[in-house]
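These are the residues of each chain, in order.
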Amino acid sequence: MEHNPQIFQSKNRSRWQRTKWILRSFLFLLPILALIIAVGIYQMNKNQPDIPLEGSAIKKVLTDTTNTYRESKLEREYKGFKKLIGSKWAKGEGSGQLTNRPLDLSTSKYFSDSLGIRAAFFVNWDASQSFSSLQQNIKHLNLILPEWMFIDPTADTLYNTVDTKALKVMQDAGVKIMPLLTNNYKTLFRGETVKRIINNPAKKQRLINDIIATLKKFNFIGVNIDFEELMLENDAPLIAFQKSLYEQLHAQNFLVSQDVIPFNDDYNFAALSKYNDYLILMAYDQHNGDSKPGPNSSQKWIEAAVIDATKKMPANKIILAIPAFGHDWQLSKKGKVLNQYDVTYQQAIANARNSEAKIDYDNDSYNLYYQYYDSEDHLHKVYFVDAATNFNSIRFATEINLAGTALWRLGGEDVRLWSFYDKPMTKSALKSFDFVRFNKIKAGSAPDFVGEGEILDIIASPEDGYIRSEIDTVSMLIAEEYYDKLPSTYVIRRFGATTKKKLVLTFDDGPDPVYTKQILDTLAYYHVPATFFVVGYQAENNIPLIKRIFREGHELGNHTFTHQDMSKVSRQWAGLEMDATRLLIECITGHSTILFRAPFNADSEPGKYEELAPIALSRQKNYITVGESIDPEDWQIPINEYRNDTIFDRVVKIYQNKINTGNPEDTSIAGSIILLHDAGGNRENTVNATGKIIRYFQAEGYTFTTVADLLGKKPEDMMPTIPKGREYYWLQINYFLAETAYLGGNLFFALF
């Protein structure tokens, strides 16, 4: 039988010898190559680029951090909650002291007499936090006050921004709803609008008619009036308006409440109480953006405000509004206030953790305080409240027999609040309260956001906390607190929101030798920059394209090395994915990058673990995450040309929906970053859409720009130059290896 040799079979033994030597050389060089790459990554990680964002670096105050606040003359006139409660009980007038006399706090058929009103405000402008808290905690409330009714100052007419998703949650829970009608429009209170309406009989009646129609349409129980910064010569027009509103709403079985500011001459408490079922006393912002740093709502200031109010109206008509936030003052070198920011409880805790600040619970004010330095060496003083502050305020409200309390606002609070908010706060009721459990705080799961925009910097991750509290068992007040271990949830600082017509084109998954080149040609034709989030192995196979992207002024970002879902791989593997891609970018361009986008998760408002985990992991490598809010899902094939369902149509439709929100609080042009793909499949549709998108938005007056420009930074801040030191020379060695592999691969492909 004839023997046919195999294709690669040879009688020449020298071929086997050469093969063995090639294998031996490969095995010898492999660990050397791995060592070179490992050392390159090590050197790179030793010198990670800084993140040049405001608030991204905060430092500990090393000098004395004692609270230097001094009480005002008004506060010195009062002795505080403990003295007042003790005095009432000594007289036999304590809340619940007479067991044969049942409590009757709210005087309403809608609310529990022994508990009173336990309300909270809901806002659309911080929808993620407010809605998350609403979902989780609505079972602890018996009244919701959503900020849903506004006045258009251009037409002097009412309109609503009812959130149907939130409304359904409220209705399903069976909680009473009393929407807030405010004269706040685009973040400013419009006193002149209120003045025009209430001084014009026709406009006044039209507003009342529109209020009644809205209450009937959504089955609300009444309205909460929030008119602030009024410009009235006297209080008669406001009183007359409330009288007309009250009489007409009562005739149809609706309730009326009104928000009033302590010690403010705009509000005649005695007269207004006659034409409201409740006045909500806003007992916060004692110190604010127009004042020096100090407590948000000290106990003696609250006491003074409530005592002043009860001299003018019955206590059971007063709802005490309590805060769930604080203030952060930025000071100059000379101690002058430069800026003031509102902070939620979680934001305050996150900044304290990051700066290693010591939180002081001031038992004179029952507010909390700390200070820190920012990245520009400006001193910050922070005053805020927590659940202990709220606990004591509600105890005080109960002893004074107020109608109840209202939390401003859902989403800003210390979660420990919910352990007692739906419980009676009398002395006897609190004997069974579990203060040991109150001291332990589980890590939060819902993220807290600071600022606006699609560029994300995580400043805190979930951790359990422990706060020791000391209880004054005589007055049942929390006398002292010690923050032994700071609790936290995910806290994400957002950047990049703009009021200008700016858009950023971003491309993921490349570079691709065909489609990326075509997209670069289109961008060059229109002189438009873009940001390319590159996959490491794609970049390694297309080094000239990476060079071109950088040379033509575009930004390069990290999209991992093998396009892994980072929430499903180990922390070590995820780190290696990011390190290898950053190293490759540095080798090819001589510049690093702080821009990152995780595969499969680019949402600018992450809420799930798989969206949050990559942001937290990348932050440890000094990245900021670039999200998106305009995703036409261009990877979907086919695109239907005949039903206006092209990539271009989707981009325009999504953007139009974002800018036409109808939310008066939204002054930014929402959604600046567009997500497209230049690799990962057939991208002809994306190539075709890119030019159309550019032409359309340029015709509408928009400018296409970079992530750096959205942040008000220079290109060098996003892609800093690698300094010529030891790391630089290791990069050159790694670049030589990458270039050799690239050229060798292309040569092999050409030969075979």
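Our structure is the block above this text.
Right, let's walk through the structure included here. Since the structure is predicted, the reported quantities are computational estimates derived from the model, not experimental observations.

## A word on the overall build of the protein chain
Move 1: Across its full length, the protein chain holds 24 helices and 30 strands.
Move 2: For the protein chain, buried positions account for 57% of its 752 residues.
Move 3: In the protein chain, of all internal contacts separated by at least 6 residues, the share reaching a separation of at least 24 is 76%.
Move 4: Total accessible area computed for the protein chain in this model is approximately 34,000 Å², and 52% of it derives from carbon and sulfur atoms.

## A look at the sheet that holds strand β22 (residues 477–485)
What holds strands together in a sheet is hydrogen bonding between their backbones, with the strands either parallel or antiparallel.
Move 1: The strand order across the open sheet built from 3 strands is β18-β21-β22, with neighbouring strands paired in antiparallel fashion. The outermost strands of the open sheet, each flanked by one partner alone, are β18 (440–441) and β22.
Move 2: Pairing of β18 with strand β21 (residues 465–472), which is carried by 2 bridges, proceeds in the antiparallel orientation. Each bridged residue has a counterpart across the sheet, and for Ile-441 the counterpart in β21 is Gly-465.

## Re helix α10 (residues 299–310)
A turn of α-helix holds 3.6 residues, and therefore any two residues three or four places apart point the same way.
Move 1: With 12 residues, α10 extends 16 Å between its outermost C-alpha atoms, agreeing within 8% with the 16 Å of an ideal straight helix rising 1.5 Å per residue.
Move 2: Counted residue by residue, α10 has 10 buried out of 12 residues, so it is predominantly covered.
Move 3: Those residues of α10 lying buried are Gln-299, Lys-300, Trp-301, Ile-302, Glu-303, Ala-304, Ala-305, Val-306, Ile-307 and Ala-309.
Move 4: In this structure, the buried residues of α10 make contact with α2 (73–76), α3 (81–90), α9 (269–273), β10 (278–282), β11 (318–323) and α12 (387–399).

## Concerning the nonpolar core
Move 1: One finds Leu-134, Leu-181 and Ile-211 to be the most contacted residues of the largest nonpolar core, which totals 108 residues.
Move 2: Of all the elements, α10 adds the most residues to this core, at 7 residues.
Move 3: Ignoring sequence-local partners within four residues, the contact set of Leu-181 consists of Met-149, Phe-150, Ile-151, Leu-158, Leu-207, Ile-211, Val-223, Asn-224, Ile-225, Asp-226 and Phe-227.
Move 4: Residues Leu-503, Phe-533, Leu-584 and Val-626 belong to the second largest nonpolar core, which totals 53 residues.

## Brief notes about the pattern of salt bridges
Move 1: Enumeration over the complete set of coordinates arrives at 27 salt bridges.
Move 2: Here Lys-82 and Asp-472 are joined by a salt bridge, their closest N and O atoms 3.4 Å apart. Remark: Asp-472 occurs in strand β21 and Lys-82 occurs in helix α3; sequence separation between them is 390 residues.
Move 3: Residue class for Asp-472 comes out buried when judged on its relative accessible area of 13%.

## Thoughts on the packing of helix α6 (residues 191–198) against helix α7 (residues 201–218)
Move 1: With their axes 6 Å apart at the nearest point, α6 and α7 run at an angle of 105 degrees to one another. It follows from the interaxial angle that α6 and α7 lie roughly perpendicular. Contact residues: Arg-196, Ile-197 and Ile-198 in α6; Lys-203, Lys-204 and Leu-207 in α7.
Move 2: Partitioning the contact of α6 with α7 into residue classes produces 3 nonpolar, no polar and 3 charged.

## Overview of the packing of helix α15 (residues 515–526) against helix α17 (residues 543–551)
Move 1: Between α15 and α17, whose axes approach to 11 Å, the crossing angle comes to 20 degrees. One element, α15, and the other, α17, form an angle in the roughly parallel class. Crossing angle aside, the handedness with which α15 passes α17 is left-handed. Packed against α15, whose contacting residues are Thr-516, Lys-517, Leu-520 and Asp-521, the element α17 presents Leu-545, Arg-548 and Ile-549 at the interface.
Move 2: Taken together, the residues of the contact of α15 with α17 break down into 3 nonpolar, 1 polar and 3 charged.

## Here we look at the layout of surface pockets
Move 1: Estimated volume of the second largest pocket: approximately 850 Å³.
Move 2: What lines the second largest pocket is a set of 34 residues, and nearest its centre among them are Val-415, Arg-416, Trp-418, Ile-441 and Lys-442.
Move 3: Elements with a contribution of two residues or more to the lining of the second largest pocket: α4 (127–137), α11 (345–355), α14 (435–438), β18 and β21.
Move 4: With 5 residues, α4 is the single largest residue contributor to the lining of the second largest pocket.
Move 5: Looking at the lining of the second largest pocket residue by residue, the classes come out as 10 nonpolar, 14 polar and 10 charged.

## Re the pairing of strand β23 (residues 491–495)
Move 1: A large share of β23 lies buried, amounting to 5 of its 5 residues.
Move 2: Burial of β23 is two-sided: the residues Val-491, Arg-493 and Phe-495 facing one way and the residues Ile-492 and Arg-494 facing the other way are all buried.
Move 3: Pairing analysis gives 3 bridges linking strand β19 (residues 448–450) to β23, with the strands arranged parallel. Directly across from Val-450, in β23, lies its bridge partner Arg-493.
Move 4: Pairing geometry for strand β20 (residues 455–460) and β23, over 5 bridges, is antiparallel. Each residue of the ladder has a partner; that of Ala-460, found in β23, is Val-491.

## Focus: the sheet that holds strand β12 (residues 325–331)
Move 1: Pairing within the open sheet is antiparallel, and its 5 strands lie in the order β13-β12-β16-β15-β14. Strands with a single pairing partner mark the edges of an open sheet, and in this sheet they are β13 (337–344) and β14 (360–362). Strand-to-strand twist across the sheet, computed as the mean angle between neighbouring axes with direction ignored, equals 25 degrees.
Move 2: Inspection of the sheet shows strand β15 (residues 367–373) paired to strand β16 (residues 379–384) by 6 bridges, in the antiparallel sense. Its bridge partner being in β16, Tyr-370 is matched across the sheet by Val-382.
Move 3: Helix-sheet contacts for α11 involve β12, β13, β15 and β16, and the interaxial angle to β13 is about 115 degrees.

## Section: the packing of aromatic side chains
Move 1: For the structure on display, the rule yields 36 aromatic pairs.
Move 2: Relative to Phe-384, the ring of Tyr-370 has its centre 6.0 Å away and its plane inclined at 80 degrees; by these criteria the two rings are edge-to-face. Residue Tyr-370 is located in strand β15, and its partner Phe-384 is located in strand β16; the two are separated by 14 residues in the primary sequence. Per residue, the accessibility class of Tyr-370 equals that of Phe-384, and both read buried.
Move 3: The interplanar angle of 85 degrees and the centroid separation of 5.6 Å between the aromatic rings of Trp-418 and Tyr-421 together place this pair among those described as edge-to-face.

## Comments concerning unusual backbone geometry
Move 1: The amide bond that connects Trp-408 to the next residue, Arg-409, takes the cis arrangement and shows omega of 5 degrees.
Move 2: If you trace the backbone, Arg-409 turns up in the loop between β17 (404–408) and α13 (427–430).
Move 3: Between Gly-510 and the following residue, Pro-511, the backbone shows a cis peptide bond with an omega angle of 5 degrees.
Move 4: Turning to its location among the elements, Pro-511 is positioned in the loop between β24 (502–508) and α15.

## Topic: the pairing of strand β8 (residues 222–226)
Move 1: Counting buried residues in β8 gives 5 out of 5 residues, a clear majority hidden from the surface.
Move 2: Because side chains alternate across β8, one face comprises the buried residues Gly-222, Asn-224 and Asp-226, and the other comprises Val-223 and Ile-225, equally buried.
Move 3: Note: β8 against strand β9 (residues 255–260), 4 bridges, orientation parallel. Looking across to β9, one finds that Ile-225 is bridged to Gln-258.
Move 4: For the handedness criterion, the β-α-β arrangement of β8, helix α8 (residues 236–250) and β9 is classed as right-handed.

## Structural notes on the environment of Lys-713
Move 1: Mapped onto the elements of the fold, Lys-713 is located in the loop between α22 (707–710) and α23 (715–718).
Move 2: Note on Lys-713: relative accessible area 30%, which makes it partly exposed.
Move 3: Lys-713 sits 660 residues away from Leu-53 along the chain, and the two C-alpha atoms are 8.7 Å apart.

Criteria and thresholds
- Residues numbered from 1 in each chain as written.
- Predicted model: local features only at pLDDT ≥ 70, side-chain atom pairs only at ≥ 80, totals over all residues.
- Heavy atoms only, no water.
- Helix = DSSP H or I, 4+ residues; strand = E, 2+ residues; numbered from the N terminus.
- Buried < 20%, exposed > 50% of the residue type's maximum accessible area, 1.4 Å probe, protein only.
- Contact = heavy atoms within 4.5 Å.
- Areas by Shrake-Rupley, 256 points an atom, 1.4 Å probe, with all protein chains shown as cover.
- Pairing = 2+ DSSP bridges.
- Expected span 1.5 Å × (residues − 1).
- Core = buried A, V, L, I, M, F, W, Y, C linked by side-chain atoms within 4.5 Å.
- Salt bridge = Lys/Arg side-chain N within 4 Å of Asp/Glu carboxyl O.
- Axes fitted to C-alpha atoms, helices over the stretch in contact; angles between N-to-C directions.
- Parallel < 35°, antiparallel > 145°, perpendicular 65-115°, else oblique.
- Nonpolar A, V, L, I, M, F, W, Y, C, P; charged D, E, K, R; others polar.
- Left-handed = near helix turned anticlockwise from the far one by under 90°.
- 1 Å grid on protein atoms, 1.4 Å probe; cavity = no way out; pocket = protein on both sides within 12 Å on 5 of 7 lines; lining within 4 Å.
- Points joined across faces, edges and corners; volume = space filled by probe spheres on them.
- Phe/Tyr/Trp six-rings, centres within 6.5 Å; stacked < 30°, edge-to-face > 60°.
- Right-handed = clockwise from strand over helix to strand, strands pointing away.

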